[in-house]
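If you want the building blocks of each chain, they are given just below.
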Amino acid sequence: MVLESTMICVDNSDYMRNGDFLPTRLQAQQDAVNLVCHSKTRSNPENNVGLLTLANVEVLATLTSDVGRILSKLHQVQPYGNINLHTGIRIAHLALKHRQGKNHKMRIVAFVGSPVAAEEKELVKLAKKLKKEKVNVDIISFGEDSVNNEVLTSFINTLNGKQDGSGSHLVTVPPGPHLSDALISSPVIQGEDGSGASGAIGFEFGVDPNEDPELALALRVSMEEQRQRQEEESRKAREASTAESGVESSTIKEEPTEEALLERALAMSMEQGESAQSQSTPTVDFANMTEEEQIAFAMQMSMQDAQETASSAKKEEAMEVEGDEDYSEVMNDPAFLQSVLENLPGVDPHSETIRQAVGSLKDKKKDDKEDKQKK
């Protein structure tokens, strides 16, 4: 049982958003870190584990045997910027120097899932320094393994040296469903003697529920919460896209209210009444009419008023009248016409024109009587 202090360096660059590892590189890395932490602490209860990010190079958790603290900090990591492997390994080495158990061996486990921008010369120089300090480094390369293979291989070979050395390892993982499954049989988990994770193989999350039921339950709850959070985010994204497409493709039509319908009907009825009134009452131009035409029009209007008055009186009294009344005798009566003309305002009944009109009616009356007598 090897006493060991391990600093785990996680890649939190923008490349970790890719989905070639399910569900994303970042979440696949979280499962793998969980497996490494439990493998280290299970191999020896006195082993310590720390956590560091490689993009913004920040120590999230110093060396501790509390795996729950490491995992809580791990779930707060978000993708940001680009990886800085050279600086990250130097900071991890500095954190290992301040370990409490000076008899612990020092190891750095670095996850690299994005292109390494550091030059090969700088990494080789750093590897030589780490070899002198007896620091072993395990690198898990995934996602961008074809780009980083040459640089990382040179770094690991320098650490191991030509004669003594197999303490440092480079594990290249091709894209697949689970990153942690590929690490179970790797030297990072198995250790140098091959006994690192023998008790964890085949169990969910790499933890035997019989040995540590509380930890297994906590890991299962954490994964369930993560799954629910992902489903909620995807549901909100679908709703947002559906709302945007609905606004663009369809126009919303508001149904008219009852008050609007009543107002429209009232306006239409008023327009119809005005049109009917304008049709029933023709416009008369008194300025262009002769005096005789004005008198005839006044007599016609008076007859219409008389007829309307008579009809309204008959309707109110509900009397039945048989036959049609003949007003021709009344209209041909010169005395009646003379009395009507006297009551009209602005009309002089003694004018020559009025007398001629009345005289013509008298002559017409005489002619009608003669025709009747002949018949």
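Small disclaimer: the values here were computed from a predicted structure and weren't measured.

In this structure the tally under the stated criterion is 10 salt bridges. For Glu-4, the salt bridge goes to Lys-40, with nearest N and O atoms at 3.4 Å. Of the two residues, Glu-4 sits in strand β1 (residues 4-10) while Lys-40 sits in helix α1 (residues 25-43), which places them 36 residues apart along the sequence. For the residue pair Glu-4 and Lys-40, the accessibility class agrees, reading buried in each case. Residues Asp-20 and Arg-25 are paired through a salt bridge, measuring 2.8 Å at the closest nitrogen-oxygen approach. Since its relative accessible area comes to 3%, Arg-25 is described here as buried.

Further remarks concern the packing of α1 against helix α2 (residues 67-74). At a closest axis distance of 10 Å, the pairing of α1 and α2 adopts a crossing angle of 165°. Comparing their axes, α2 and α1 come out roughly antiparallel. Crossing of α1 over α2 shows right-handed handedness. Residues Gln-30, Val-33, Asn-34, Cys-37, His-38 and Thr-41 of α1 form the contact with α2, whose own contacting residues are Val-67, Ile-70, Leu-71 and Leu-74. Here the residues of the contact of α1 with α2 are counted per class, giving 6 nonpolar, 4 polar and no charged.

What follows concerns the confidence of the model for the protein chain. Averaged over every residue, the pLDDT of the protein chain is 79; residues scoring 70 or more account for 74%. This model gives residues 197-202 a pLDDT under 50, and the stretch forms 7 contacts once residues within four places in sequence are excluded. Here residues 318-324 is a poorly scored stretch, pLDDT under 50, and it has 2 contacts once near neighbours within four places are set aside; other chains count.

Applying the stated criterion across every chain, the model contains 1 aromatic pair. Geometrically, the ring pair formed by Phe-21 and Phe-142 is edge-to-face, given 5.5 Å between the ring centres and 90° between the ring planes. Of the two residues, Phe-21 is situated in the loop between β1 and α1 and Phe-142 in strand β5 (residues 135-142); the sequence distance between them amounts to 121 residues. Neither Phe-21 nor Phe-142 differs from the other in exposure class; each is buried.

In terms of nonpolar packing, the biggest core is built from 32 residues, with Ile-8, Phe-111, Ile-140, Phe-142, Val-173, Leu-179 and Leu-183 touching the most fellow members. In terms of residues, this core owes the most to one element, α1, which gives 7 residues.

To continue, consider a negative patch on the surface. A contiguous patch of negative charge, built from Glu-291, Glu-292, Glu-293 and Asp-348, is present on the exposed surface. With respect to the element layout, Glu-292 can be found in helix α10 (residues 291-317).

About the thresholds
Residues numbered from 1 in each chain as written. Predicted model: local features only at pLDDT ≥ 70, side-chain atom pairs only at ≥ 80, totals over all residues. Heavy atoms only, no water. Salt bridge = Lys/Arg side-chain N within 4 Å of Asp/Glu carboxyl O. Helix = DSSP H or I, 4+ residues; strand = E, 2+ residues; numbered from the N terminus. Buried < 20%, exposed > 50% of the residue type's maximum accessible area, 1.4 Å probe, protein only. Axes fitted to C-alpha atoms, helices over the stretch in contact; angles between N-to-C directions. Parallel < 35°, antiparallel > 145°, perpendicular 65-115°, else oblique. Left-handed = near helix turned anticlockwise from the far one by under 90°. Contact = heavy atoms within 4.5 Å. Nonpolar A, V, L, I, M, F, W, Y, C, P; charged D, E, K, R; others polar. pLDDT = per-residue confidence, 0-100. Phe/Tyr/Trp six-rings, centres within 6.5 Å; stacked < 30°, edge-to-face > 60°. Core = buried A, V, L, I, M, F, W, Y, C linked by side-chain atoms within 4.5 Å. Patch = residues over 30% accessible without salt bridge, like charges linked within 9 Å, V, L, I, M, F, W, Y side chains within 5 Å. Areas by Shrake-Rupley, 256 points an atom, 1.4 Å probe, with all protein chains shown as cover. Lys, Arg positive; Asp, Glu negative; His and termini not counted. Charge placed at Lys NZ, Arg CZ, Asp CG, Glu CD.

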